[in-house]
Amino acid sequence: MVESDEAGLYSGERYGNFTYAIPVAEGDYTVTLRFAETYFGSENIGFGGAGSRLFDVYCNGVALLRDFDICKEAGGANRAVTRSFRGLKPNGLGKLVLSFIPSKNYSLVNAIEVLDESR
């Protein structure tokens, strides 16, 4: 079980090499990504831990995260880590295109939140 006040957000995940195209109106947006490493476990049991999963995240072709390591950033397995990015603008087709590109093993995300900064 993930250690978080919002544990329900971490009950599922998307993993692989994938992209989300989120349609939005013109404006500025904050995107919050939520992660928890539940598969690779702990270095203490000889399986996984920091360095087991590395991936990049892009928004409309601009790098938001490079070689992101959930275990390292969260301080271990089964711990939530959140990253927020402000001032993101839609592309020419009115979309925020979030691409998750693996470097080592698969990319992973548990939840994505998109907030209109004008509200």
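Here the structure is a predicted model, which is why all the values come from computation and not from measurement.

Quick question: what am I supposed to make of the overall build of the protein here?
Secondary structure assignment for the protein yields one helix and nine strands. Seen through its C-alpha atoms, the protein measures out along the principal axes to roughly 50 × 30 × 20 Å. Here the protein, with 119 residues, has 40% of them falling under the buried criterion. Nonlocal contacts in the protein, meaning residues at least 24 apart in sequence, comprise 76% of its contacts between residues at least 6 apart. Summed over its atoms, the accessible surface of the protein is roughly 6,600 Å², and 47% of this surface lies on carbon and sulfur atoms.

Where do I start with the nonpolar core in this structure?
What tends to happen in soluble globular proteins is that the nonpolar side chains get buried as a cluster. In terms of nonpolar packing, the biggest core is built from 22 residues, with Leu33, Phe35 and Phe100 touching the most fellow members. For this core, the elements supplying multiple residues, two or more each, are strand S3 (29-36), strand S4 (54-59), strand S5 (62-68), helix H1 (70-74), strand S6 (80-88), strand S7 (95-104) and strand S8 (107-109). Excluding its chain neighbours within four sequence positions, the residues that come into contact with Leu33 are Val57, Val81, Thr82, Arg83, Phe85, Leu98, Phe100, Ala111 and Ile112.

Would you mind showing me how to read the sheet that holds S6 here?
Strand-to-strand pairing in sheets goes through backbone hydrogen bonds, with the strands running parallel or antiparallel. The strand order S6-S3-S9 describes an open sheet built from three strands, whose pairing is antiparallel. Edge positions in the open sheet fall to S6 and strand S9 (111-116), since each of these has one partner strand only. Across this sheet, the average inter-strand angle for adjacent strands is 15°, counted without regard to direction. Where S3 meets S6, seven bridges bridge the pair, whose relative direction is antiparallel. Opposite Val31, over in S6, you have Phe85 as the bridge partner.

Basis of the calculations
Note that residues are indexed from 1 along each chain, following the sequence as it is written. Totals for whole chains, interfaces and linings use all residues, but because this is a predicted model, local features are given only for residues with pLDDT of at least 70 and pairs of side-chain atoms are given and counted only at 80 or more. To get the side-chain values, all heavy atoms of the structure are used, and hydrogens and water are removed first. Secondary structure elements are taken from DSSP: a helix is a run of H or I of four residues or more, a strand is a run of E of two residues or more, and numbering for both begins at the N terminus. Each residue gets one of three labels from its accessible area relative to the maximum for its type: buried under 20%, exposed over 50%, partly exposed in between, using a 1.4 Å probe on protein chains only. Contacts between residues were defined by any pair of non-hydrogen atoms, one from each residue, lying within 4.5 Å. A 1.4 Å probe and the Shrake-Rupley method give the accessible areas. Residues count as covered only by the protein chains that appear here. The set of buried Ala, Val, Leu, Ile, Met, Phe, Trp, Tyr and Cys residues whose side-chain atoms join them within 4.5 Å is what this entry labels a nonpolar core. Any two strands between which DSSP finds at least two bridges are classified as paired. A fitted line through C-alpha atoms represents every axis, and for helices the fit uses only the stretch in contact; the resulting angles, taken between N-to-C directions, go from 0 to 180 degrees.

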